[in-house]
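Working through the structure, step by step
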Amino acid sequence: MITFSAGKRGYLPMTVQMSVMISTEEIQAKVKELGAQIDAHYANSDKELVLIGLLRGSVIFMADLCRTISKPHELDFMTVSSYGGGTVSSRDVKILKDLDGEIRGKDVLVIEDIIDSGNTLSKVLEILETRSPNSIELCTLVSKPSRREIELDVKFLGFNVEDRFIVGYGLDYDQKYRHLPFIGLIARAIHPGDDKAGFIVTTLLGIAGSLVATYGGRLLGLYSEGSAAGFIASVIGAIVILFIYNMVTKKT
Ligand SMILES: O=P(O)(O)OC[C@H]1O[C@H](OP(=O)(O)OP(=O)(O)O)[C@H](O)[C@@H]1O
Ligand code: HPA
């Protein structure tokens, strides 16, 4: 289990616990293996080879993979999106950015980080086939065969994985975690701080809220000297503190 800090949510630091599904070492070994398979496959072709990465997920895999391929090749990119910020394919695959170059007569190798339902790649293949390349093959680091809605012929495959939502090595959840060098599962829901810090901060906030409500209430003439704020007023006091804290931290 790997624990790391993941910025802040509201006024408290977030901590994420992640379990490793595919380690950095396993990924690096597989990338080299795939590079060798790709070199062997295209060794006898006299056509130009172009690797097409689907942004943004494939970028880390593609950057590592292309450096293990000896045959000279071009890199080009397309942006398609089907997941938005969620974990379920919308099946409405949108082409957001097309290729910069021509692929007519070339050997095209499409690079993906993951194939899940197959909707994204099948749409991309449909488009690329209309442009008369010499050949089109698919390469993905990860595949979830049990999720497939559209069958695809994947020539170069890294790992088959079970149906769990994974992140890292290009794979994101809401655009986060792509930078991780391994592929993992978010094991514990993102929570504010560790439990001890959460308890202490919550207690201090409760006390501060009560003080703000008591002295604020006296200033406003709501309480007489010597009487203290009740529970609801203290909660309101705590909310006022959080509001001010968020205003101040947003400005810095
Ligand atoms: O087989 P599918 O069910 O279509 O899912 C696979 C696609 O989902 C992810 O892309 P996403 O739309 O999340 O964009 P991203 O590449 O920017 O992460 C991933 O990179 C694949 O392109
Ligand atoms: O498990 C996943 N993680 C991240 N992105 C994805 N896109 C399809 N499946 C996944």
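Residues numbered from 1 in each chain as written. Chains lettered and ligands numbered in written order. Predicted model: local features only at pLDDT ≥ 70, side-chain atom pairs only at ≥ 80, totals over all residues. Heavy atoms only, no water.

Along the protein, the regular secondary structure elements total 5 helices and 9 strands. Counting from the amino terminus, the protein carries its helices and strands in the arrangement β-β-α-β-α-β-β-β-α-β-β-β-α-α. Residues counted as buried form 41% of the 252 residues belonging to the protein. Considering only contacts in the protein between residues 6 or more positions apart, those separated by 24 or more positions represent 64%. (Helix = DSSP H or I, 4+ residues; strand = E, 2+ residues; numbered from the N terminus. Buried < 20%, exposed > 50% of the residue type's maximum accessible area, 1.4 Å probe, protein only. Contact = heavy atoms within 4.5 Å.)

Near ligand 2 there are 9 residues, and of these D116, K144, F165, I166 and D172 occur at the shortest range. K144 is positioned such that a nitrogen or oxygen atom in its side chain is 2.7 Å from an oxygen atom of ligand 2. For ligand 2, the protein covers 93% of the area, taking 260 Å² as the surface of the free molecule. A breakdown of the residues in the shell around ligand 2 according to their chemical character gives 5 nonpolar, no polar and 4 charged. (Near = heavy atom within 4 Å. Polar contact = N/O pair within 3.5 Å; in protein donor to acceptor, adjacent residues only side chain to side chain. Areas by Shrake-Rupley, 256 points an atom, 1.4 Å probe, with all protein chains shown as cover. Nonpolar A, V, L, I, M, F, W, Y, C, P; charged D, E, K, R; others polar.)

Every buried residue of helix α2 (residues 59-66) is listed here: F61, M62, D64, L65 and C66. Tucked into the core, α2 has its buried residues touching α1 (24-42), β3 (49-55), β4 (74-81), β6 (107-115) and β7 (135-143).

We now examine the sheet that holds strand β8 (residues 156-160). Pairing is mixed across the open sheet formed by 6 strands, whose spatial order is β5-β4-β3-β6-β7-β8. With one partner strand each, in any of the chains shown, β5 (94-97) and β8 form the two edges of the open sheet. On average, adjacent strands in this sheet sit at an angle of 30° to one another, irrespective of strand direction. The sheet contacts of α1 involve β3, β6, β7 and β8, and relative to β8 the element is tilted by about 155°. Helix α3 (residues 119-129) contacts β3, β4, β5, β6 and β7 of the sheet and is inclined by roughly 165° relative to β6. (Pairing = 2+ DSSP bridges. Axes fitted to C-alpha atoms, helices over the stretch in contact; angles between N-to-C directions.)

This next bit is on the UniProt feature "transmembrane region" (unreviewed entry) in the protein. Under the local residue numbering, the UniProt record ascribes the feature "transmembrane region" (unreviewed entry) to residues 197-216 and 228-248. Strand forms 0% of residues 228-248 and helix 86%; the C-alpha atoms that close the span are 28 Å apart. (UniProt positions renumbered as here; feature names shortened; annotations may be inferred.)

Taking burial as the measure, the 7 residues of β3 include 6 buried ones, the bulk of the element. Pairing of β3 with β4 involves 6 bridges; the strand directions are parallel. By the bridge assignment, L55 is partnered in β4 with T79. Since β3 and β4 lie parallel, the crossover through α2 that links them has a hand, and here it is right-handed. (Right-handed = clockwise from strand over helix to strand, strands pointing away.)

The nonpolar side chains of soluble globular proteins are, as a tendency, buried together. Membership of the largest hydrophobic core comes to 27 residues, with the highest contact counts inside it found for F61, L65, L109 and I183. Broken down by secondary-structure element, the contributors of at least two residues to this core are α1, β3, α2, β6, β7, β8 and β9 (183-192). Residue contributions to this core peak at 5 residues, all from α1. Once you skip the residues sitting within four places of it in the chain, L65 turns out to touch V31, L34, G35, I38, I111 and C139. Of all hydrophobic cores here, the second largest spans 17 residues; its members include V50, L54, M78 and V80. (Core = buried A, V, L, I, M, F, W, Y, C linked by side-chain atoms within 4.5 Å.)

A pair of packed helices is captured by two measures, namely the crossing angle of their axes and the spacing between those axes. Contact geometry for α1 and α2: axes closest at 9 Å, N-to-C directions at 60°. Taken as axis vectors, α1 and α2 run oblique relative to one another. In this structure, α1 crosses over α2, and the sense of that crossing is right-handed. The residues of α2 that touch α1, namely those facing Q28, V31, L34, G35 and I38, are F61, D64 and L65. Looking at the contact of α1 with α2, its residues break down into 5 nonpolar, 2 polar and 1 charged. (Parallel < 35°, antiparallel > 145°, perpendicular 65-115°, else oblique. Left-handed = near helix turned anticlockwise from the far one by under 90°.)

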